[in-house]
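Chain and residue survey
Below, each chain spelled out in residue letters.
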Amino acid sequence: MSFVPSQFMSQIPSIARSHADDQPFGIVQVDDTGVIKLYNRFESEMAGVAVSSAEGRNFFTQVAPCTNNRLMFGKFKDGVAKGELDSEFNYTFTYKMKPTNVQIRLYRHAPSATNWVLVGLRAA
Amino acid sequence: MRSLAEQLIAVADPSIIIPTSRNIAESVDLSAEERDSLVADAASLSAQILALASSLQDPDDELDLYRSLAALWLELRFTWQRQNMVANYDTIRTGTCAPIVLARASAASYLLMRLESLLAREHLDKLGDTAVELLDGLRTNVVTGNLHVAA
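Here the structure is a predicted model, which means the values were calculated and not measured.

What counts, and at which threshold
- Residues numbered from 1 in each chain as written.
- Chains lettered and ligands numbered in written order.
- Predicted model: local features only at pLDDT ≥ 70, side-chain atom pairs only at ≥ 80, totals over all residues.
- Axes fitted to C-alpha atoms, helices over the stretch in contact; angles between N-to-C directions.
- Helix = DSSP H or I, 4+ residues; strand = E, 2+ residues; numbered from the N terminus.
- Parallel < 35°, antiparallel > 145°, perpendicular 65-115°, else oblique.
- Left-handed = near helix turned anticlockwise from the far one by under 90°.
- Contact = placed C-beta atoms within 7 Å.
- Nonpolar A, V, L, I, M, F, W, Y, C, P; charged D, E, K, R; others polar.
- Domains from an automatic or database assignment.
- Pairing = 2+ DSSP bridges.
- Core = buried A, V, L, I, M, F, W, Y, C linked by C-beta atoms within 7 Å.
- Buried ≥ 20, exposed ≤ 12 C-beta atoms within 10 Å, placed from the backbone.

1. Points about the packing of helix α2 (residues 14-26) of chain B against helix α3 (residues 32-55) of chain B
Residues and elements named next belong to chain B. Packing of α2 against α3 brings their axes to within 9 Å, and their N-to-C directions diverge by 155 degrees. Here α2 lies roughly antiparallel to α3, going by the angle between them. α2 and α3 meet at a crossing whose hand is right-handed. Residues Pro14, Ile17, Ile18, Ser21, Arg22, Ala25 and Glu26 of α2 touch α3, and the partners they reach there are Arg35, Leu38, Val39, Ala42, Ala43 and Ser46. Of the residues contributing to the contact of α2 with α3, the split by class is eight nonpolar, two polar and three charged.

2. Describing the domain arrangement of chain B
Residues and elements named next belong to chain B. One can read the domain layout of chain B as domain 1 (4-117) and domain 2 (120-151). Taken residue by residue, the interface counts five residues in domain 1 and four residues in domain 2. The biggest single contributor to the side of domain 1 that touches domain 2 is helix α4 (residues 62-94), with four residues. Tallied by class, residues from the side of domain 1 that touches domain 2 come to three nonpolar, no polar and two charged.

3. Thoughts on the pairing of strand β3 (residues 86-93) of chain A
Residue and element names in this part refer to chain A. Inspection of the sheet shows β3 paired to strand β4 (residues 100-109) by eight bridges, in the antiparallel sense. If you follow Asp86 over to β4, its bridge partner there is Tyr107. Connecting the antiparallel pair β3 and β4 is a turn made up of six residues, with Lys96 showing a positive phi of about 60 degrees.

4. Let's talk about the nonpolar core
With 58 residues, the main nonpolar core has Val28, Phe59 and Val117 of chain A together with Ala107 of chain B as its most contacted residues. It is helix α5 (residues 99-116) of chain B that contributes the most residues to this core, nine residues altogether. Filtering out sequence-adjacent residues up to four positions away, Val28 of chain A remains in contact with Ile36, Leu38, Tyr39, Glu43, Phe59 and Val117 of chain A.

Structure below.
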C-alpha cells in the first residue's frame, strides 16, 4: 500500500499550492527535465531548502543531488521517455541533514504530461 | 571585517564540529568504535582546515585560500556523493544499508554546508553544476565506449 493516499493521486494534476502545503508528505512537481514547478512545505522543511530557492532549479542535479543516479534520475528519465512512470521504493536522504529514511514515489500523469516526486518518511 | 582566514577558523571550530558530528553519529545505530571513528575523522578534518587557514593567513594569500576552499568543497561533495551511492544502492539491493555509511554521508555534507557560508552563491552553483557535468560526461563516454579501464 502506498504512503500516498489514493484520493490525493486522483486529484493530480489539479493540486493547488495550499492543498499541497497541507499534505504530510513531500510533493515536488517537475518538468520533463527535472526543473521544479512546485515544492511543498513538507519537502521544504524536511530538506531545509526554501521554496523560493528550489522552484526553477533542477530537482535531481541541483536541489537534491542525492537523487542524481540511475536509481532515481535514471528511472525518471526512462519514465518520461516512455510516457509512463509509477514507481515506489525506499531511499535515504543524507544531504545536509541527519540520515533520513524515506519512501519515494515517482509518478507521471500521462494525460497532463506532468511529473511528480512524492516523498514520505519511513521508520529505519 | 574579518579576513577569510579568520572566518575559516570560525567555520572549522572543533568545539562546534565535534559535538555536531557526535550528534550525527548518535542519530543512527552505531557501535561505540564506529561513533568514535566518525568523530575522530571530523576532528581530523577540522584540524586540517585550521592548518589551511593558518598557512594562508596573509591578505595576499586570500585568492589561493578561496581556491582551496572551492577545492575542499568539491572533495567533500564527492566524498558525500560516494557514500550516498553506497547507501542507496544497498537500500535498493538489500532493503537496508550500513548505518556508518549514512553517518559518514551526513557528516561530510554537514561540513560542506559550513564551508558554503564562505563561498559566493554563484560560485557554489558553478561548482555544483561542474561536478555534475564532469561525471555525466564520463557516463556518456562509458556508454559510447570511449572510456577504457586502465590495465
